[in-house]
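Spelled out from the first residue to the last, the chains are:
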Amino acid sequence: MRTSRRATLALRTLALVYLVGLLAVPIVVILWRTFGEGLGPFLASVRTPAAVSALNLSLLIVAITVPLNVVFGVVTAIALARWRVPFRGVVQAVVDLPFAVSPIVVGVSLIMLWGVGGWFGGLEQSTGIKVIFGLPGMVIATVFVTLPFVVREVEPVLHEIGTEQEQAAATLGASGWQTFWRITLPAIRWGLTYGVVLTVARALGEFGAVIMVSSGFPGVSQTLTLLVHSRYIDDHNTYGAYTAATLLMGLALLTLLGMTLLDRKRTHR
Amino acid sequence: MSTTTQPVGAPPSPAPPSAAPARASSQGGRRRRGGPGGRALGLGVVGLWLSLMVLLPLAALTVRSFDDGLSGFWAAVTAPAALAALEVTLGVSVVVALVNAVMGTLVAWVLVRDEFPGQRVVNALIDLPFALPTIVASIVLLSLYGPNSPIGVHLNATRWGLGVALAFVTLPFVVRSVQPVLIELDREVEEAAASLGASNTTIFRRVVLPSLAPAVISGTGLAFARAVGEYGSVVLIGGNIPRETQVVSQYIQQQIEIDSPAAAAAVSVALLSVSFLTLFVLRVWATLSQRREASTA
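### With respect to the overall build of chain A
Stage number 1. Counting secondary structure elements, chain A contains twelve helices and zero strands.
Stage number 2. Along its sequence from the N terminus, chain A presents helices and strands in the succession α-α-α-α-α-α-α-α-α-α-α-α.
Stage number 3. Across the 269 residues in chain A, those meeting the buried criterion constitute 53%.
Stage number 4. Here the contacts in chain A between residues at least 6 apart in sequence split such that 73% fall between residues at least 24 apart.
Stage number 5. A total of about 11,700 Å² of accessible surface is found on chain A, and carbon and sulfur atoms cover 68% of it.
Stage number 6. Charged side chains in chain A number 19 positive and 12 negative. The centres of these two groups are separated by 10 Å.

### Overview of the environment of Gly-91 of chain B
All names here are of chain B.
Stage number 1. Along the polypeptide, Gly-91 turns up in helix H4 (residues 80-113).
Stage number 2. Judged by relative accessible area, which is 33%, Gly-91 ranks as partly exposed.
Stage number 3. Along the primary structure Gly-91 and Gly-163 are separated by 72 residues, whereas in three dimensions their C-alpha atoms are 9.8 Å apart.

### As for the domain arrangement of chain A
Residue and element names in this part refer to chain A.
Stage number 1. Domain assignment breaks chain A into domain 1 (1-36) and domain 2 (49-267).
Stage number 2. Once you take the C-alpha centre of each, domain 1 and domain 2 turn out to be 34 Å apart.
Stage number 3. Taken residue by residue, the interface counts six residues in domain 1 and six residues in domain 2.
Stage number 4. For the pairing of domain 1 and domain 2, the buried interface totals around 540 Å² over both sides, and the portion due to carbon and sulfur atoms is 74%.
Stage number 5. Area buried by domain 1 at its contact with domain 2 is led by Ile-30, Arg-33 and Thr-34, which between them contribute 79% of it.

### As for the pattern of salt bridges
Stage number 1. Under the definition given, this model contains nine salt bridges over all chains.
Stage number 2. Between Glu-206 of chain A and Arg-202 of chain A there is a salt bridge, with the nearest N and O atoms lying 2.7 Å from each other.
Stage number 3. Given a relative accessible area of 29%, Arg-202 of chain A falls into the partly exposed group.
Stage number 4. Its salt-bridge partner being Arg-64 of chain B, residue Asp-67 of chain B comes within 3.5 Å of it at the nearest N-O pair.
Stage number 5. On the basis of relative accessible area, Asp-67 of chain B is assigned to the partly exposed category, the value being 46%.

### Focus: the interface of chain B and chain A
Stage number 1. Taken together, the contact between chain B and chain A spans 96 residues of the former and 97 residues of the latter.
Stage number 2. The junction of chain B with chain A conceals about 8,300 Å² of combined surface from both sides, 76% of it contributed by carbon and sulfur atoms.
Stage number 3. In this assembly, chain B and chain A are joined by one salt bridge.
Stage number 4. Among the ionic pairs, Arg-12 of chain A bridges to Asp-114 of chain B, the shortest N-O distance being 2.7 Å.
Stage number 5. The tally of links between chain B and chain A comes to eight residue pairs in polar contact (both at pLDDT 80 or more).
Stage number 6. Looking at the side of chain B that touches chain A, the element that brings in the most residues is helix H2 (residues 36-64) of chain B, giving 19 residues.
Stage number 7. A per-class count over the side of chain B that touches chain A returns 64 nonpolar, 18 polar and 14 charged.

### Observations regarding the nonpolar core
One broad trend across soluble globular proteins is that nonpolar side chains are buried collectively.
Stage number 1. Of all hydrophobic cores here, the largest spans 160 residues; its most connected members are Ile-139 and Ile-252 of chain B.
Stage number 2. Per-element accounting of this core gives the leading share, 15 residues, to H4 of chain B.
Stage number 3. Non-local contacts of Ile-252 of chain B, meaning those with residues more than four positions away in its chain, are made with Ile-104, Val-105 and Val-108 of chain A together with Ala-264, Val-267, Ser-268 and Leu-271 of chain B.
Stage number 4. Counting residues in each nonpolar core, the second largest holds five residues, with Val-66, Val-196, Ala-203 and Leu-204 of chain A among its members.

### A short note on the packing of helix H9 (residues 187-195) of chain B against helix H10 (residues 200-229) of chain B
Geometry of a packed helix pair, given as the angle between the helix axes and the separation of the axes.
Residues and elements named next belong to chain B.
Stage number 1. Running from amino to carboxyl end, H9 crosses H10 at an angle of 145°, the nearest separation of the two axes being 10 Å. The two elements H9 and H10 cross, and the hand of that crossing is right-handed. Packed against H9, whose contacting residues are Val-189, Glu-190, Ala-193 and Ala-194, the element H10 presents Ile-203, Val-207 and Val-208 at the interface.
Stage number 2. Each residue belonging to the contact of H9 with H10 can be placed in one class, and the counts come to six nonpolar, no polar and one charged.

### Things to note about the domain arrangement of chain B
A common way to express how large an interface is: the accessible area buried when the components associate.
All names here are of chain B.
Stage number 1. Looking at chain B, the domain boundaries give domain 1 (35-64) and domain 2 (68-296).
Stage number 2. Taking only C-alpha atoms into account, the centre of domain 1 sits 32 Å from that of domain 2.
Stage number 3. Listed per partner, the contact involves four residues of domain 1 and five residues of domain 2.
Stage number 4. Taking both partners together, domain 1 and domain 2 bury about 370 Å²; carbon and sulfur atoms supply 79% of that area.
Stage number 5. Summed over the shared surface of domain 1 and domain 2, the number is zero salt bridges.
Stage number 6. Where domain 1 touches domain 2, the interface holds zero residue pairs in polar contact (both at pLDDT 80 or more).
Stage number 7. Of the residues contributing to the side of domain 1 that touches domain 2, the split by class is two nonpolar, one polar and one charged.

### Here we look at a nonpolar patch on the surface
Stage number 1. Taken together, the side chains of Leu-277, Phe-280, Val-281, Val-284 and Leu-288 of chain B present a nonpolar region at the surface, about 480 Å² in accessible area.
Stage number 2. Examined against the element boundaries, Phe-280 of chain B turns out to sit in helix H12 (residues 261-296).

Conventions we followed
Residues numbered from 1 in each chain as written. Chains lettered and ligands numbered in written order. Predicted model: local features only at pLDDT ≥ 70, side-chain atom pairs only at ≥ 80, totals over all residues. Heavy atoms only, no water. Helix = DSSP H or I, 4+ residues; strand = E, 2+ residues; numbered from the N terminus. Buried < 20%, exposed > 50% of the residue type's maximum accessible area, 1.4 Å probe, protein only. Contact = heavy atoms within 4.5 Å. Areas by Shrake-Rupley, 256 points an atom, 1.4 Å probe, with all protein chains shown as cover. Lys, Arg positive; Asp, Glu negative; His and termini not counted. Charge placed at Lys NZ, Arg CZ, Asp CG, Glu CD. Domains from an automatic or database assignment. Buried area = accessible area lost by both parts, 1.4 Å probe. Salt bridge = Lys/Arg side-chain N within 4 Å of Asp/Glu carboxyl O. Polar contact = N/O pair within 3.5 Å; in protein donor to acceptor, adjacent residues only side chain to side chain. Nonpolar A, V, L, I, M, F, W, Y, C, P; charged D, E, K, R; others polar. Core = buried A, V, L, I, M, F, W, Y, C linked by side-chain atoms within 4.5 Å. Axes fitted to C-alpha atoms, helices over the stretch in contact; angles between N-to-C directions. Left-handed = near helix turned anticlockwise from the far one by under 90°. Patch = residues over 30% accessible without salt bridge, like charges linked within 9 Å, V, L, I, M, F, W, Y side chains within 5 Å.

Right under this line is the structure:
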């Protein structure tokens, strides 16, 4: 289909105007608002005690979530790709489930399970571990929303590489663990890394599920995303909200860059 | 995941591996690793992990939504404010999904069929909404369309604001599902139609659109499913005005805050049903159309 020069230009303009109005201009405006007064105020704003502790908490949650997702995600992927799993279809659907659940519903579900009066509500009374309104709740919420990433990136790679090398290793007398460390893990490493990057990005950026299960005290239980929200809503500190959001955006852009580079590696394996 | 950046004009990503080798490999795998004991342990760990993390919370949610019986569930879901929130959410989501269907297809078209300087940058920009935390999306849009708007457009606490926020976070779905199909599309058919005297409108309607339709519909459906559950991007720009701009997720959060967890659970179940139904219909429809294609081919 050959469109005339005028039609081509019209379509191009329409598409670009939409993208510029929706994506480009808002981002330029927020950068301008953030850095308009220079780098100094920006740095001061993201170095307040509350901001530093929010960044630390976000990183701590990432540091707990990623290993959990790597270990259990890889086992789940191996089970789905290599073993005879009863009710495979159901298990596959359960793995994808977190993608379909609204973040707020994730939070409510966790409150129903772990909160006071919940199914596991007795845990808090007997052990004193505060799940909801504590760090464990925020970690569980983050694990819930990021659970599919590692499984979904590793499982296709396992299918693709097949089992020939693993079988050869076994024939030569390698134990199951040796085969995993020497053959399987090197083969899935880029897929796994990609899954981890997606997990990190989502864990840093998760807001709805975390705000439901966090007590939200500045300096104690505020993640970076909660800091943005509370600075805007509670403190009416619009500038502070812009700077914290810009910091998060910088982290997101780094992730996007990493994804693009990794994607090239992954597909040209 | 559809968050991968696909360079303009790149060959489509390889098709997912067929089920056949997978089945064969699971046979070989059974001989290979450890004893049946180790495998049983592994399966147990997977089962326990998925149950504890995903199934039990959702089971607790569903069971506790009936804490006040079936009538309590029904009363919570049909409370006027809950119905109003559902109506706002579904209404805005439908509009946003339709805008996505048109503009997403248009953007994909321009990215594939057109050529202009800076195209690669534009293409990379499409993935931004997926990479950006939702609360950042909210702040970013507020900085342009909020109370201190430098261009004098105030969408704060209006349904327009909701729409813009949802359009922002759902932008990649249609673009990224249509783009690969458009790249693969056989242009000879279009040229044949043109040589037979068909106008551009006819070619688009009779040749291009039918091939794109499955991708457009699936992208639109995914965008809709995402929009109905969205929270972070609308929380600041939406205004949370009951019956005006309060979306379902905000209503649910409010129910938790005023300490009526059963009502929150009930409306959550209703919201979950909407997303699940959308995704289920999409999957069934995709399977059916694949089968139809296979039988006509």
